[in-house]
Amino acid sequence: MNQKAQIMLFGTFHFSNPGRDYVKSEFIDVLTPENQDYLEELTSKLANQSPTHVMLECDPSQQGKINKKFISYLAGKHQLAINEKNNWDFVLPRNPA
């Protein structure tokens, strides 16, 4: 019997808030220790769902650049920036449940 795929969609505001979101919010520095603790806790909860794939929103022309940054992050050589690509899409796959 074939099981249907289970999909979780999880979206956030643009962390660097360049005005691209429909709902405008104040700038939130996600790199503060308090916010990093919050993101780490939330990332752990997401990791407990045992995701097998993480997809991020980007222009296809940026894929190679993002892949290189991710590999650098895994090697401990890339410092997180204030954006959701780094703080979700890099951290979640590194922290399996």
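Look a little higher up for the structure.
The rules we used
Residues numbered from 1 in each chain as written. Predicted model: local features only at pLDDT ≥ 70, side-chain atom pairs only at ≥ 80, totals over all residues. Heavy atoms only, no water. Helix = DSSP H or I, 4+ residues; strand = E, 2+ residues; numbered from the N terminus. Buried < 20%, exposed > 50% of the residue type's maximum accessible area, 1.4 Å probe, protein only. Contact = heavy atoms within 4.5 Å. Areas by Shrake-Rupley, 256 points an atom, 1.4 Å probe, with all protein chains shown as cover. Salt bridge = Lys/Arg side-chain N within 4 Å of Asp/Glu carboxyl O. Expected span 1.5 Å × (residues − 1).

A. Looking closely at the overall build of the protein chain. Counting secondary structure elements, the protein chain contains 3 helices and 0 strands. Helices and strands appear in the protein chain in the N-to-C order α-α-α. When burial is assessed residue by residue, the protein chain has 22% of its 97 residues classed as buried. Of the contacts made within the protein chain by residues no fewer than 6 positions apart, 61% connect residues no fewer than 24 positions apart. Accessible surface, the protein chain as shown: approximately 7,700 Å² in total, 54% of it carbon and sulfur.

B. Summary view of the pattern of salt bridges. By the definition in use, this model includes 1 salt bridge. For Glu41, the salt bridge is made with Lys45, and the minimal N-O distance between the two is 3.5 Å. Remark: Lys45 and Glu41 occur in helix α1 (residues 33–47); sequence separation between them is 4 residues, near one turn of the helix.

C. Region of the structure containing helix α2 (residues 63–74). The end-to-end C-alpha distance of α2, which contains 12 residues, comes to 16 Å, matching closely the 16 Å that a straight helix rising 1.5 Å per residue would cover. Immediately beyond the C-terminal end of α2, within one or two residues, lies Gly76, with a positive phi of roughly 80°.

D. Representation of the environment of Asp29. Checked against the element boundaries, Asp29 lands in the segment before α1. Taking the C-alpha atoms as reference, Asp29 lies 8.0 Å from Ser16; in sequence the two are 13 residues apart.

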